[in-house]
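Observations on the model geometry
Now for the letters of each chain:
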Amino acid sequence: MDAEKRTQGIRKLDRVMRQVRTSIDPLVPTQMVQAFLTVAANEGSSLTEIADKLGTNLSTASRQLLDLADRNRKGGEGYKLVDRQIDPKNLRINRYTLTPKGKLLLDQLIEILED
């Protein structure tokens, strides 16, 4: 890879991270960003499926998804990027999708990468 292409790639990654930090939280952990991107790439997946794709356990994935939803795990305001819906075929399963705010952030990130 030549130096110019590498520099362009670094600039795009920097813009993506700045957009994430601006839209979510300046101190957002990278694991939270990865959880957001995993939901975006696998909308409608269950907690178990998302945890498997993240390579983590259910309790960690659950905490991350709670923080990304309306209310965080401590009962405070969440990031409102992910929505949890009960599966009508199996009421014990929750399915995760992006909220309109989450879709907007995803579109912004993709736009940066395509620029």
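In the block above lies the structure referred to throughout.
A short tour of the structure in this document, coming up. This structure is a prediction, so every number in the text was calculated from the model and none was measured.

**Considerations on the environment of Lys101**
If you trace the backbone, Lys101 turns up in helix H5 (residues 100–114). Sequence-distant contacts of Lys101, that is, excluding residues within four places in its chain, are made with Ser23, Tyr79, Lys80 and Leu81.

**Focus: the pairing of strand E2 (residues 82–87)**
When E2 meets strand E3 (residues 90–98), the two strands line up antiparallel, connected through 6 bridges. Its bridge partner lying in E3, Ile86 is registered against Asn94. The turn linking E2 back onto E3 is made up of 2 residues.

**Focus on the sheet that holds strand E1 (residues 45–46)**
Within a sheet, adjacent strands bond to each other through the backbone by hydrogen bonds, running parallel or antiparallel. Taken together, 3 strands build an open sheet; the order of strands is E1-E3-E2 and the sheet is antiparallel. In this open sheet, the two edge strands, each paired with only one partner strand, are E1 and E2.

**What about unusual backbone geometry?**
Most peptide bonds take the trans form, and the phi angle of most residues other than glycine is negative. Even without being a glycine, Lys80 presents a positive backbone phi close to 60 degrees. One can find Lys80 in the loop between helix H4 (58–68) and E2. Accessibility expressed as a relative area gives 33% for Lys80, which makes it partly exposed.

**Quick notes on the side chain of Thr97**
By the secondary structure assignment, Thr97 is in strand E3. Setting aside chain neighbours within four positions, we find Thr97 in contact with Val39, Glu43, Gly44, Leu81, Val82, Asp83 and Gln85.

**Observations concerning the packing of helix H2 (residues 30–41) against H5**
One can describe the packing of H2 onto H5 by two numbers: an axis separation of 11 Å at closest approach and a directional angle of 95 degrees. The angle between H2 and H5 places the two elements in the roughly perpendicular class. Contact residues: Phe36, Leu37 and Ala40 in H2; Gly102, Leu105, Leu106 and Leu109 in H5.

**Examining the nonpolar core**
Residues Phe36, Leu68, Leu81 and Val82 are the most contacted members of the largest nonpolar core, which totals 25 residues. For this core, the secondary structure elements donating two or more residues are helix H1 (3–23), H2, helix H3 (47–54), H4, E3 and H5. Broken down by element, the residue count for this core peaks at 6 residues, all from H2. Apart from residues no more than four positions distant in its own chain, Phe36 is found in contact with Leu68, Leu81, Leu98, Gly102, Leu105, Leu106 and Leu109.

The rules behind each value
Residues numbered from 1 in each chain as written. Predicted model: local features only at pLDDT ≥ 70, side-chain atom pairs only at ≥ 80, totals over all residues. Heavy atoms only, no water. Helix = DSSP H or I, 4+ residues; strand = E, 2+ residues; numbered from the N terminus. Contact = heavy atoms within 4.5 Å. Pairing = 2+ DSSP bridges. Buried < 20%, exposed > 50% of the residue type's maximum accessible area, 1.4 Å probe, protein only. Axes fitted to C-alpha atoms, helices over the stretch in contact; angles between N-to-C directions. Parallel < 35°, antiparallel > 145°, perpendicular 65-115°, else oblique. Core = buried A, V, L, I, M, F, W, Y, C linked by side-chain atoms within 4.5 Å.

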